[in-house]
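# Remarks on the overall topology
Given next are the chains, with one letter for each unit.
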Amino acid sequence: MAGSRGSACSMPACDGKIMKDERGRDITPCECRFKICRDCFLDAQKETGLCPGCKEPYKTASGNDGNEGFEGGMVETSDKPWRPLSREIPIPNSIISPYRLLIAVRFIIMIFFLIWRLQHPNEDAIWLWFMSVVCELWFFFSWILDQVPKLRPINRSIDLDLLYEKFDRPSPSNPTGRSDLPGVDFFVSTADPEKEPPLTTANTILSILAVDYPVEKIACYVSDDGGALLTFEAMAEACSFADLWVPFCKKHEIEPRNPDSYFSLKGDPTKNKKRSDFVKDRRRVKREYDEFKVRINGLPDSIRRRSEAFNAREEMKMIKQKRESGGDPLEPIKVKKATWMADGTHWPGTWTSPSADHAKGDHAGILQVMLKPPSSDILLGESDDNLIDFSDVDTRLPMFVYVSREKRPGYDHNKKAGAMNCLVRASAILSNGPFMLNLDCDHYVYNCKAVREGMCFMMDRGGENICYIQFPQRFEGIDPSDRYANHNTVFFDGNMRALDGVQGPVYVGTGTMFRRFALYGFDPPDPDKLLHKETDATSPETQPLNPMDFDPDLDPNLLPKRFGNSTMLVDSLPVAEFHARPIADHPAVKYGRPPGALRPPRQPLDATAVAEAVSVISCWYEDKTEWGDRVGWIYGSVTEDVLSGYRMHNRGWRSVYCITDRDAFRGSAPINLTDRLHQVLRWATGSVEIFFSRNNAFFASKRLKFLQRLSYLNVAIYPFTSGFLVLYCFLPALSLFSGQFIVQNVNVAFLSYLLVVTICLISLALLEVKWSGVGLEQWWRNEQFWLISGTSSHLAAVVQGLLKVIAGIEISFTLTAKSASEDDDDIYADLYLVKWTSLMIPPIVIAMVNMIGIVVALIRTVYSTTPSWSKFIGGAFFSFWVLAHLYPFAKGLMGRRAKTPTIVYVWSGLIAITLSLLWVAVNPDAGPSNQAAGGDGFQFP
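Residues numbered from 1 in each chain as written. Predicted model: local features only at pLDDT ≥ 70, side-chain atom pairs only at ≥ 80, totals over all residues. Heavy atoms only, no water.

## A short note on the overall build of the protein chain
- Assigned secondary structure in the protein chain consists of 29 helices and 17 strands.
- The contacts of the protein chain with a sequence gap of at least 6 include a subset with a gap of at least 24, amounting to 77%.
- Total accessible area on the protein chain is roughly 41600 Å²; 57% of this is exposed by carbon and sulfur atoms. (Helix = DSSP H or I, 4+ residues; strand = E, 2+ residues; numbered from the N terminus. Contact = heavy atoms within 4.5 Å. Areas by Shrake-Rupley, 256 points an atom, 1.4 Å probe, with all protein chains shown as cover.)

As structure tokens, this is what we get:
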């Protein structure tokens, strides 16, 4: 927390000492304890009157007890126990001020440059000039949408020690130290055990069960959208291994708490370990984990052999019955090839050999509470010489539930968004955690304190207006050079950090802590309008409210229309809202709950609650309700994450970006070129769908801030840049073929504008790198992949989106396998695989046409009687610019040992030759002799 240690002023670029009283104690002018020197304090009072820390007015001396004698009403830190859990740290002005100035300078220069371009057309090649100007106008527009929302990037800090003091520290009123923190429900989604290995999902679950948070406040739900017995039994194995793994992590403070990642760490495992029995315990757990992996990997064969044995038994029974009944012995016996559970019953989900009521898209709903809710009292383990000594370790495990929603033919199941909404409803009945944190099956908890760090924002003053906390996505297994910009550091550390200073980052699908009440479609609370509901108007503590208090237009009789017919679900709404409030321990907290309200133990589960949870995951429950339209994850786009976040921001909520010192979560990303292009295609297609829907930011409400609106407009519009980008990448080749350039003459004015614009671009990049912490190589990789994806995936997304809007052709995507490599010795072997996709055609054609254009123009210029080197150099320069950006793409096509499919070269060669011949047919006189004579640049035969 900025300014919480030491005696230096916390203002940027100030090294002054903070003020002290006559006893030498530190004093601060604000109740938030922001440390500031006398000069900075007087400047702040004179300019704005606001505290630089909490952004609220300073109080006068008369408003502070015991501080009347000091100017400004100083508050002694030792006498003022209340402190904020989180703090916003602006980027130093020495970086931000030049950054903002450069944005303004480039904006002005681009205006003058475009005016100059419009006033100086190339009369010899008006078509070339026109296309280039149109592209440049669009690039300028898209640059504004992308750059302007970055005007206020910020950093944030949190105080975990203070969170412990306020919510977990034992006290006379709470001698057992029961936590007053709200509950958190974890959601993990998986869909296909063949493409998403069950061992990966199991490791993610184990990292969640071992998270550093009060055990009784945690509940974990896994959504198996494939309804596979393999996933179900893998989760059962994970629960069994958790009995050993979770106490081991707590005893020895293990990080990370994903066993596969932990045992793969290089270095000395005993570093910073204090217990003498660590080596013995680790060896024991490692042996158990190896056996656990063998059991998980052997499950497919085990299920197959078991099912074959039971099916053979059923066949023998039918043969016996047929003989006893005297049936025709020649009549074939038909036995369903069922998938059997270990208890000798049919698996109610998807069978290996699909059958009616047991196929993907056609199976019953399944809900199994694999780990029951733990007690509220600590349960210490026992000492055993043969196992691990857990006598001083809490061995309780969080609640864990397996869910596979019902699917039937004829119902639109709405992909991942529908699965997440089922988890929202089931969890509301079983645990009703006021906060929910969703993770993909391949993203695990890397920092066991991540939930606590996010809670510092939710439980702080003003936290009641936060709809979600977005953590940055971090990835493992990426090649060291990050050839295809898989880390996305420019987006996560640049764009998202900048949006945090506006209204908050967009929701990116995983690693997000939600406020349950915000997902239910309600507006953020307005304490001034809700004071009449309080028992005492002078008290900041409010009582539980009804949903109608937040939505005056909501008729109590219409609650089933919005949320469905579940009475238990509707009854859980005000409880979730009340539990999510910050503690009202200070007058500055205007909308809170009484301290200690969440310490009583939770009611145990009963059969009625479980039965109700099963009913709300049925495929018909959402019929004639507002689920997916206003409530929960929003339907209508393959990027349901962006859409859901937009709806909450549009209602006035704000979000927070939480960058932790230690990565909160880590996952895997496709490093293969083809898989990466398909991943980007999915994101871009979702953006095109949003653009053609009523969720376009053009139609947003007034609650969406202007800069946030520009950001969402950029999210919806950026794929359309692909058409202009493809055209602009062909312009250098067209210029080289025709012997013309985008300007009449490469004169001083053009070169001056080009130089200044380039300098501004480089300067902005350097400053962005400085305030975001992104490396120059990462920034360059991002620029390269922007052109690669813009000429391939984004272009295809626009075409698919237009087909959906115009022709009604629905868009479908297949789940990308997590690994396609067969080389286990090289973790980057998947990087070198070359899998053909039509998305590769445009970049290949662009590269080949530009290379052919350089060769043709060079030969023509060398052998021309009056060579025009300026036009050749201009066209060649831009061609090299294009080729430099496409270098990672070309490198990916070569594979490890040049295993590029022949079809790649055949298609690209044919298209490049066809375009070249087409140009000759359109302009047959554009030869060396014609150019020497000054012939026209564009003539029809």
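## Topic: the sheet that holds strand β12 (residues 444-445)
- In spatial order, the strands read β12-β17-β14; together these three strands make up an open sheet with mixed pairing. Of all strands in the sheet, those bounded by a partner on one side alone are β12 and β14 (474-476).
- The pairing of β12 with strand β17 (residues 665-668) spans two bridges and is classified as antiparallel. Residue pairing in the sheet places Y444 in a bridge with R666 of β17. (Pairing = 2+ DSSP bridges.)

## Observations regarding the confidence of the model for the protein chain
- Scored by pLDDT, the protein chain has a mean of 85; 86% of the residues are at 70 or more.
- Looking at the elements of the protein chain, mean pLDDT is at its lowest for strand β2 (residues 75-76), recorded as 36, and at its highest for strand β10 (residues 399-404), recorded as 98.
- Confidence over residues 819-823 falls short of pLDDT 50; this stretch has eight contacts with residues more than four positions distant or in other chains. (pLDDT = per-residue confidence, 0-100.)

## With respect to the environment of D500
- Positionally, D500 belongs in the loop between α11 (489-499) and β15 (512-515).
- Spatially, the C-alpha atoms of D500 and S655 are 7.3 Å apart, while their sequence positions differ by 155 residues.
- Residues in contact with D500, not counting those within four places in the same chain, are I154, R156, P505, S655, V656 and Y657.

## A look at the packing of aromatic side chains
- Tallying each qualifying case throughout the model produces 44 aromatic pairs.
- With centroids separated by 5.1 Å and ring planes inclined at 50 degrees, the aromatic side chains of F232 and W347 adopt a geometry described as tilted. Residue F232 is found in helix α6 (residues 229-252), and its partner W347 is found in the loop between α8 (278-325) and β7 (358-359); the two are separated by 115 residues along the sequence. W347 carries the same exposure label as F232, and that label is buried.
- Here the aromatic cluster, defined as three or more aromatic residues joined through ring pairs, consists of F113, W116, F741, F750, Y753, F877 and F878.
- We note R313 situated over the ring of W340; from NZ or CZ to the ring centre the distance is 5.8 Å. (Phe/Tyr/Trp six-rings, centres within 6.5 Å; stacked < 30°, edge-to-face > 60°. Buried < 20%, exposed > 50% of the residue type's maximum accessible area, 1.4 Å probe, protein only. Lys NZ or Arg CZ within 6 Å of the ring centre and 35° of its normal.)

## Observations concerning empty space enclosed by the protein
- Summed over the entire model, instances satisfying the criterion amount to nine cavities of 30 Å³ or more.
- Lining of the largest cavity is provided by Y728, L731, P732, S735, F741, I742, F878, W881 and V882.
- Of all the elements in the fold, those that place two or more residues in the lining of the largest cavity are α21 (721-738) and α26 (869-885).
- No other element matches α21, which puts four residues into the lining of the largest cavity.
- When grouped by side-chain class, the residues that make up the lining of the largest cavity number eight nonpolar, one polar and no charged. (1 Å grid on protein atoms, 1.4 Å probe; cavity = no way out; pocket = protein on both sides within 12 Å on 5 of 7 lines; lining within 4 Å. Points joined across faces, edges and corners; volume = space filled by probe spheres on them. Nonpolar A, V, L, I, M, F, W, Y, C, P; charged D, E, K, R; others polar.)

## Focus on the packing of α21 against helix α24 (residues 793-807)
- Relative to each other, α21 and α24 sit at 130 degrees, their axes nearing to 8 Å. Put simply, α21 runs oblique to α24. Note that α21 runs across α24; the crossing there is left-handed. Packed against α21, whose contacting residues are S722, G723 and V726, the element α24 presents H794, L795 and V798 at the interface.
- Class assignment of the residues belonging to the contact of α21 with α24 gives a composition of three nonpolar, three polar and no charged. (Axes fitted to C-alpha atoms, helices over the stretch in contact; angles between N-to-C directions. Parallel < 35°, antiparallel > 145°, perpendicular 65-115°, else oblique. Left-handed = near helix turned anticlockwise from the far one by under 90°.)

## Here's the deal with the pairing of strand β11 (residues 435-440)
- In terms of burial, β11 is a largely internal element, five of the six residues being buried.
- Note that strand β5 (residues 184-190) and β11 share six bridges and pair parallel. Bridging across to β11, F186 finds its partner in L437.
- Alignment of β11 against β15, held across four bridges, turns out to be antiparallel. Bridged to L437 within β15 is M513.

## Some thoughts on α8
- In this model α8 runs 67 Å from its N-terminal to its C-terminal C-alpha over 48 residues, within 8% of the 70 Å that 1.5 Å per residue would give.
- The principal kink in α8, of about 50 degrees, is found at L299, preceding the proline P300 by one to four residues.
- Two residues or fewer after α8 comes G326, characterised by a positive phi angle close to 75 degrees. (Expected span 1.5 Å × (residues − 1). Bend = angle between axes of the 7 residues up to and from the residue.)

## Comments concerning the side chain of T837
- Mapping T837 onto the fold places it in the loop between α24 and α25 (841-863).
- Accessibility expressed as a relative area gives 7% for T837, which makes it buried.
- In this structure the side chain of T837 is engaged in a polar contact, spanning 3.4 Å, whose partner is the side chain of H678.
- If we skip the residues at most four places from it in the chain, T837 touches T674 and H678. (Polar contact = N/O pair within 3.5 Å; in protein donor to acceptor, adjacent residues only side chain to side chain.)

## Regarding the pattern of salt bridges
- On inspection of all chains with the given rule, the structure shows 46 salt bridges.
- We note a salt bridge from R152 to E88, for which the minimum N-O separation is 2.6 Å. Residue R152 is located in the loop between α3 (126-147) and β4 (154-158), and its partner E88 is located in strand β3 (residues 86-90); the two are separated by 64 residues in the primary sequence.
- Sharing partners across several salt bridges, the network here consists of R474, E476, D493, D663 and R666. (Salt bridge = Lys/Arg side-chain N within 4 Å of Asp/Glu carboxyl O.)

## Overview of the side chain of D479
- Looking at the secondary structure, you find D479 in the loop between β14 and α11.
- For the buried D479, no salt bridge is present, and the opposite-charge side chain at shortest range is R483, 5.1 Å distant.
- Here the side chain of D479 touches R483 through a polar contact of 3.0 Å, landing on its backbone nitrogen.
- Each residue touching D479, except ones within four places of it in the same chain, is listed here: Y828 and L831. (Lys, Arg positive; Asp, Glu negative; His and termini not counted.)

## Some remarks on the nonpolar core
- Ranked by size, the top nonpolar core spans 144 residues in total, and within it Y221, L367, Y520, F563 and W633 carry the most contacts.
- A per-element tally of this core places helix α2 (residues 93-119) first, with 10 residues.
- Not counting chain neighbours up to four residues away, the residues in contact with W633 comprise F187, A417, M420, N421, V424, N438, Y507, F514, L519, G628, E640 and S644.
- Formed by 81 residues, the second largest nonpolar core is a distinct cluster that contains F167, V211, W245 and F457. (Core = buried A, V, L, I, M, F, W, Y, C linked by side-chain atoms within 4.5 Å.)

## Overview of the sheet that holds β11
- Here we have eight strands laid out as an open sheet, ordered β9-β10-β6-β5-β11-β15-β13-β16, and mixed in their pairing. Looking at strand neighbours, the two that pair on one side only are β9 (366-371) and β16 (654-657), the edges of this open sheet. Looking at each pair of strands side by side, their axes are set apart by 20 degrees on average, direction ignored.
- Across five bridges, strand β6 (residues 218-224) lies against β10 in parallel orientation.

## Brief notes about α6
- Over its 24 residues, α6 extends 34 Å from the first C-alpha to the last, a length consistent with the 34 Å expected when each residue adds 1.5 Å.
- At A242, α6 is deflected by roughly 45 degrees, the largest bend along its length.
- Of all 24 residues in α6, 19 are buried, a share of seventy percent or more.
- E253 sits one or two residues past α6 and shows a positive phi near 50 degrees.

## Comments concerning a nonpolar patch on the surface
- A surface patch of nonpolar side chains, amounting to about 720 Å² of accessible area, comprises V855, L858, I859, V862, Y863, W869 and I873.
- Of all the elements in the fold, those that place two or more residues in the nonpolar patch are α25 and α26.
- Counting residues per element, the nonpolar patch draws most heavily on α25, at five residues. (Patch = residues over 30% accessible without salt bridge, like charges linked within 9 Å, V, L, I, M, F, W, Y side chains within 5 Å.)

## Observations concerning the packing of helix α19 (residues 673-691) against helix α20 (residues 706-717)
- Between α19 and α20, the least distance of the axes is 7 Å, while the angle of their chain directions is 115 degrees. Side by side, α19 and α20 meet where S687, I690 and F691 of the first sit next to V715, A716 and I717 of the second.
- Classifying every residue of the contact of α19 with α20 by side-chain character gives five nonpolar, one polar and no charged.

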